[in-house]
Amino acid sequence: MESRDDLKSILAYLPVLVRSTNLFWPSKVVEALKEMAQGPDHSRVNSGEVLFVAIRDMRSSLSLLQPLAPFASEGYALFFDELISRAEAAEWFGEVLPALANLLLQLPALLESHYQNADDILGKYGFKTGLRLLGSQEAGMVFLSEDRHPLFTSYPEADFWSKSVLPLCTFEVHSVGFIEDQSTDALEVDFANKYIGGGALHRGCLQEEIRFMINPELIAGMLFLPSMADNEAIEVVGAERFCDYKGYASSFRFAGDHADKRHFDSFGRRVTRIVAIDALCSPGMKQYALKYLLRETIKAFCGFIDQSTYCQYKGLFQVKGLHEAHLYPDENDQTSRNHLELNEASSTTVETNQGASVSLPALGNSEGEGKDLPGIATGNWGCGAFGGDPELKAIIQWLAASQASRPFVLYYTFGIDALQNLDQITQWILSHEWTVRDLWNMMVEYSSQRLNGRTNLGFFAWLLPSLTSHNLSNTN
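Quick caveat, the model's predicted, so the values are computed rather than measured.

Trainee: Honestly, helix 8 (residues 207–214) in this entry has me stumped. Any pointers?
Mentor: Note: α-helices contain 3.6 residues per turn, so residues at a spacing of three or four share the same orientation. With seven of its eight residues buried, helix 8 lies for the most part within the structure. Regarding helix 8, the residues found buried are Gln207, Glu208, Glu209, Ile210, Arg211, Phe212 and Ile214.

What follows is the structure, given as structure tokens:
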């Protein structure tokens, strides 16, 4: 255990000790946990005040340097002894706390088992899959079950979009409803902070934080995933939903338990795919500059591309080392791109850092799930608190989904006025069989005019008269 770099990277954050091949709790902690596991009649831990003392003593045994909050003792007493009912407190101390103590007693053995077995599946390919902290731009896998693999890709250059003749995918507008309620097994977009989870454990309750509250398994990703660079995305497969809610931001409220009805794949996971992509924050007018149009389109494309389609783009991507490429044309910035996946449920071939290709088993259910790419369920990504142009962001996501060969986009507008013509616009464009190139070039032309003060119209208002009068060949 002591020789494992992956364990070393997180050991400072784990309250366990390591010696040779074993992880363990100090004896005083073991004694305290065993007492609590037998219930309050044995441990005498039956109130918030006593629980605080027990936790403080265990932390002292572990030599944890980070002090508890100054008024933590009052907080424990207030919550368990005053705010919740005596019946709820009795149930918590009689059932929940003993179960938590039992789990903590097993934690060292569970971690040992994980590190002993984590590399069995992909170890023969040279992949390390033990839990670890990943550095920025460090490609890797985080194993919370048994079925992850990395996807290493680079970005396209600017003309990748302007020359693409791929057809635009189907675009379906929903003025009501929520992304997490879609029933098509689509990839669901998390309007992420560059630090995944955003304020889920601190403050704020917008789209990402709400998703982390109703699918709390997502919070585990916050432990191991670094800040996303402009060319990184994170996909999580298998997170189960546990609660319903109402409201948004300050009006957000728990609205009861949720029984997740989504079916299981062959690995016993709920077929829920969530992709985290972070948008520009408060971009103002600069969002209309080509540099930032590319940044947003590439970010969405990194989230939407599937490994099984990556081989289609190999000839277009420039690969060097860990797939270094220029993010923007005529700029010197170079950065690698990795797509980190938790519980990824797709497969075929992975290109390693050394350039070797290896085949990985297809993941999915016995009925062949995963052979056809799911679509994208999304909405006003990067708008709202982030200040993006909702019309532009909708088109950017459509372009990225189409270029990633996704079959459809389910777009939830949440009823905002700016997108009331979205369905009309998208259906006209589809009826005239525009390609990715056509729509990209129109968006670039509009953005250039907007940036240079030649129009103050929104993209849709600018585009509507152009639908019949603008010759697309002029922008191709």
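Still more to cover.
Trainee: Can you walk me through the pattern of salt bridges in this structure?
Mentor: Opposite charge on two side chains permits them to pair, given that their charged atoms come into close proximity. Taken as a whole and assessed by the stated rule, the structure comprises 14 salt bridges. The salt bridge partner of Arg262 is Glu188, with a shortest N-O separation of 2.7 Å. Placement of Arg262 in the loop between strand 8 (253–257) and strand 9 (273–278) and of Glu188 in strand 5 (residues 187–192) is noted, with a sequence separation of 74 residues between them. Owing to a relative accessible area of 16%, Arg262 belongs among the buried residues under this scheme. Ionic pairing is found between Asp278 and Arg295, a salt bridge with its closest N-O pair at 3.0 Å. Residue Asp278 is found in strand 9, and its partner Arg295 is found in helix 10 (residues 290–304); the two are separated by 17 residues along the sequence. Judged by its relative accessible area of 4%, Asp278 is buried. Classification of Arg295 as buried rests on a relative accessible area of 3%.

Trainee: How should the packing of aromatic side chains be read in this particular structure?
Mentor: The geometry of two aromatic rings is summed up by the distance between their centres and the angle between their planes. Scanning the model with the defined rule gives 17 aromatic pairs in all. When the centroid spacing of 5.7 Å and the interplanar angle of 25 degrees are considered together, the rings of Phe171 and Tyr411 count as stacked. Separated by 240 residues along the polypeptide, Phe171 in strand 4 (residues 170–174) and Tyr411 in strand 16 (residues 408–412) bring together distant segments of the chain. Taken individually, Phe171 and Tyr411 each receive the classification buried, so the pair is uniform in this respect. Ring geometry for Tyr245 against Phe252: centres 5.5 Å apart, planes inclined by 40 degrees, an arrangement best described as tilted. No difference in accessibility class separates Tyr245 from Phe252, as the two residues are buried.

Trainee: Please clarify how the side chain of Asp389 should be interpreted in this entry.
Mentor: When you line up the elements, Asp389 lands in the loop between strand 15 (376–379) and helix 12 (390–403). Notably, Asp389 is buried but unbridged: the nearest opposite-charge side chain belongs to Arg450, and the N-O separation is 4.2 Å. At 2.7 Å, the side chain of Asp389 forms a polar contact with the side chain of Tyr288. For Asp389, the side chain forms a polar contact with the main-chain nitrogen of Glu391, separated by 3.0 Å. Filtering out sequence-adjacent residues up to four positions away, Asp389 remains in contact with Gln287, Tyr288, Cys383, Tyr446 and Arg450.

Trainee: Looking at this model, I keep getting lost on the environment of Met36. Mind explaining?
Mentor: Mapping Met36 onto the fold places it in helix 2 (residues 27–37). For Met36, a relative accessible area of 5% gives the class buried. Spatially, the C-alpha atoms of Met36 and Ala99 are 8.9 Å apart, while their sequence positions differ by 63 residues. Excluding residues that lie within four positions of it along the chain, Met36 makes contacts with Ser43, Val45, Met58, Leu97, Pro98 and Ala101.

Rules behind the numbers
Residues numbered from 1 in each chain as written. Predicted model: local features only at pLDDT ≥ 70, side-chain atom pairs only at ≥ 80, totals over all residues. Heavy atoms only, no water. Buried < 20%, exposed > 50% of the residue type's maximum accessible area, 1.4 Å probe, protein only. Helix = DSSP H or I, 4+ residues; strand = E, 2+ residues; numbered from the N terminus. Salt bridge = Lys/Arg side-chain N within 4 Å of Asp/Glu carboxyl O. Phe/Tyr/Trp six-rings, centres within 6.5 Å; stacked < 30°, edge-to-face > 60°. Lys, Arg positive; Asp, Glu negative; His and termini not counted. Polar contact = N/O pair within 3.5 Å; in protein donor to acceptor, adjacent residues only side chain to side chain. Contact = heavy atoms within 4.5 Å.

Read these as spatial facts, not as claims about activity.
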